[in-house]
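Each chain is listed here by its residues.
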Amino acid sequence: MAAKKLDAIIFGATGFTGKYTVLEAVSVLKGLTWGVAGRNPEKLQAVLKEIGSKSKTDLSQTPVVIADVNNESSLLEMAKRCRVVVNTAGPYRFFGEKVVKACIEAGTHHVDVSGEPQYMEQMQLRYNDLAKERGVYVISACGFDSIPADMGVTFIEKNFDGVVNSVENFVHMGVKGGTKGTGSAALNTGTWESAIFAIANRGESLAIRRKLFPERLPKFQPALKNRSPLSRAPEVDNKVILPFPETDRSVVYRSQRFLYEQEKKRPVQMQAYMTYPSWFAASVVVLFATVIGIMSKFAFGRQLLLKYPQIFSGGMASPDGPSEERMERSFFRMTMKATGWPKSEKLAESTDPYSTPPSQTLTVKVTGPNPGYGSTCVALLSTAKTILNESDKMPGTGGVLPPGAAFRDTSLITELGKYEHGIKFEIVGNSKL
């Protein structure tokens, strides 16, 4: 007799992100049936034992599935065993497509935490039609990249009494009580590796986007202007800002494009910035980013970056990842300021231009603890749970979608706020311009 289908399987459960996803699954997937998957049965059992003792939960009966990215039939067997695969095995550029392919073949949904635009857009280009046909949702960027930003824009649109023209997102990352005594590492080297390859292959994204979106969107006015790097932003206590790397913007753009194409909804323009306490702190980041950007363009440079992550990240990336204490104390805060027009200024068509400049604003705060491996894991599991419980509120029959497009009409935002390491969305101000 075939084993009963599980609700979810966490693939890559012995990796750094995978292990913390198992920890959060104890609370997020409560009441659902779930298992773990990876190459090594002993390591999987060790993770269950470690997380079981940490969460004071008996995980000894948790199903263990052996699956290896280099063995496609094992991936297909894993996908057939469950309703949704929670994929934590990155870099997705190298390991993601085979899992997506197996899930579509098995008719199983797939979520992951990729922040790699090339992988996400390539999956949409190759598999969107097939996923729709098979009734499968394939959704990436379900972690810190880019649930807070993409669902943040969704939250703004639901609460903005009118039409949003643009959103500026100011991202602050911090450690409560400072980093003293917590070690300097903030990233695991797997996350570092994904970032290096994403930077190195940025040019690929342009070619993929041209195929994915052969027609350009109409130009909407007024265009959102970029703020100068190293300028101060009054919206966030005059902190110094730098442009935030592109994942959030590319994901929000894909969601907005989807909604324009499906519903003729006017797309929201969006810019994202990181905030720093001083010009000196921001300048140090610019220096490191410049060095990494240049080195990642060459094979030899990439080898050095991957071989010596601690040196080139200024101690931010390490094979062991951040310490438990640092993770417990780290947090993020996004201040998202939207501008647009009140409901009273109705247009005949959403593509028509407004005759007046935007006249009202809404400011929203999105906050969460431990963005890398706490909020990220809760968000990932919450997306899986939402697909299982509310697929009737998701668009069409399936497809390769960004989170904002997929979960816009679900209760994901409420779900995210329920957990200790969840993400909270709140309105902090609105005004007339």
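Whatever comes next refers back to the structure up there.
Residues numbered from 1 in each chain as written. Predicted model: local features only at pLDDT ≥ 70, side-chain atom pairs only at ≥ 80, totals over all residues. Heavy atoms only, no water.

**Some details on the overall build of the chain**
If you tally the helices and strands in the chain, you get 16 helices and 16 strands. Computed over C-alpha atoms, the radius of gyration of the chain comes to 21 Å, within 12% of the 22 Å expected from 2.2 N^0.38 for 433 residues, which places it in the range of a compact globule. Counting only C-alpha atoms, the chain reaches 65 × 50 × 40 Å along its principal axes. A total of 433 residues make up the chain; the buried ones form 55% of that total. A separation of at least 24 residues holds for 81% of the contacts in the chain among residues at least 6 apart in sequence. A total accessible area of about 19700 Å² is found for the chain, and carbon and sulfur atoms account for 54% of it. Once the 53 positive and 42 negative side-chain charges of the chain are each reduced to a mean point, those two points are 3 Å apart. (Helix = DSSP H or I, 4+ residues; strand = E, 2+ residues; numbered from the N terminus. Rg over C-alpha atoms; globule rule 2.2 N^0.38 Å. Buried < 20%, exposed > 50% of the residue type's maximum accessible area, 1.4 Å probe, protein only. Contact = heavy atoms within 4.5 Å. Areas by Shrake-Rupley, 256 points an atom, 1.4 Å probe, with all protein chains shown as cover. Lys, Arg positive; Asp, Glu negative; His and termini not counted. Charge placed at Lys NZ, Arg CZ, Asp CG, Glu CD.)

**Focus on the environment of Ser114**
Tracing the backbone shows Ser114 in the loop between β5 (109-112) and α5 (117-134). As a C-alpha pair, Ser114 and Ile208 span 94 residues in sequence and 17 Å in three-dimensional space. There is a polar contact of 3.0 Å between the side chain of Ser114 and the backbone nitrogen of Glu116. (Polar contact = N/O pair within 3.5 Å; in protein donor to acceptor, adjacent residues only side chain to side chain.)

**Some words on the pairing of strand β4 (residues 82-87)**
The element β4 is largely enclosed, with a buried count of five among its six residues. Here five bridges tie strand β1 (residues 6-11) to β4, and the two strands are oriented parallel to one another. By the bridge assignment for β4, Ile9 is matched with Val85. Alignment of β4 against β5, held across four bridges, turns out to be parallel. Within β5, the residue paired with Asn87 across the bridge is Asp112. Chirality of the crossover, the property in question, places the unit of β4, helix α4 (residues 92-106) and β5 among those that are right-handed. (Pairing = 2+ DSSP bridges. Right-handed = clockwise from strand over helix to strand, strands pointing away.)

**Observations regarding the environment of Val366**
Summarising the element assignment, Val366 is placed in strand β14 (residues 360-369). As for Val366 and Glu415, which are separated by 49 residues in sequence, their C-alpha atoms are 14 Å apart. Excluding its chain neighbours within four sequence positions, the residues that come into contact with Val366 are Pro148, Gly152, Phe332, Arg333, Met334, Met336, Ile423, Lys424 and Phe425.

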